[in-house]
Amino acid sequence: LKPQSVDTIFICNVLHHVEKRSAYLPKLRGALKPGGRIVVLEFHKRELPVGPPPSMKIEQSALIAEFSEAGFALAREHTFLPHQYFLEFTGK
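Definitions and cut-offs
Residues numbered from 1 in each chain as written. Predicted model: local features only at pLDDT ≥ 70, side-chain atom pairs only at ≥ 80, totals over all residues. Heavy atoms only, no water. Buried < 20%, exposed > 50% of the residue type's maximum accessible area, 1.4 Å probe, protein only. Helix = DSSP H or I, 4+ residues; strand = E, 2+ residues; numbered from the N terminus. Arc of directions from axis to C-beta. Salt bridge = Lys/Arg side-chain N within 4 Å of Asp/Glu carboxyl O. Phe/Tyr/Trp six-rings, centres within 6.5 Å; stacked < 30°, edge-to-face > 60°.

1. Describing helix H1 (residues 21–31)
Working step 1: Those residues of H1 lying buried are Arg21, Leu25, Leu28 and Ala31. For H1, the arc enclosing every buried residue in end-on projection is 110°, short of the 170-degree limit, so these residues lie on one face. Summarising the geometry of H1, the exposed residues directed more than 90 degrees from the buried face are Ser22 and Lys27.

Right under this line is the structure:
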């Protein structure tokens, strides 16, 4: 993505497949326009009737820490989904 070219990046149920997220997330930050956000949905790290096995899932607190280390701040958390967490991040 071109620098500062995107208002919103929406990532749904795929971050658990991304290896080296510590290198990937800063690249996303560079693509965001000022005031842009990243919206993430990921499965809760527990047995669920849908999604990958728990061993593949990312604990919510761990994902928040990864985004923080990449220069993001948690802006909003939504709790209405039964099987996923729904987080919005902005640049710090």
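2. Some details on the pattern of salt bridges
Working step 1: Under the definition given, this model contains four salt bridges.
Working step 2: Here Lys33 ties to Asp7 by a salt bridge, and the two come within 3.8 Å at their closest N and O atoms. With Lys33 in strand E2 (residues 32–43) and Asp7 in strand E1 (residues 6–12), the pair connects residues that are 26 residues apart, well separated along the chain.
Working step 3: By relative accessible area, Lys33 is classed as partly exposed at 33%.
Working step 4: Across the pair Glu66 and Arg21 runs a salt bridge, and its minimum N-O distance is 2.6 Å. Here Glu66 is found in helix H2 (residues 60–69), whereas its partner Arg21 is found in helix H1, with 45 residues between them in sequence.
Working step 5: Since its relative accessible area comes to 16%, Arg21 is described here as buried.
Working step 6: What emerges from the salt-bridge pattern is a single network uniting Arg37, Arg76 and Glu88.

3. Regarding the packing of aromatic side chains
Working step 1: Inspection of the entire model under this criterion finds three aromatic pairs.
Working step 2: Considering the side-chain rings of Phe67 and Phe89, the 4.0 Å spacing of their centres and the 5° angle between planes classify their relative orientation as stacked. Of this pair, Phe67 sits in helix H2 while Phe89 is found in strand E4 (residues 84–91), placing the two residues 22 residues apart along the sequence. Residue Phe67 shares its accessibility class with Phe89, and that shared class is buried.
Working step 3: A connected cluster of aromatic rings, assembled from ring pairs, spans Phe67, Phe72 and Phe89.

Everything listed here is a matter of geometry and, on its own, says nothing about what the molecule does.
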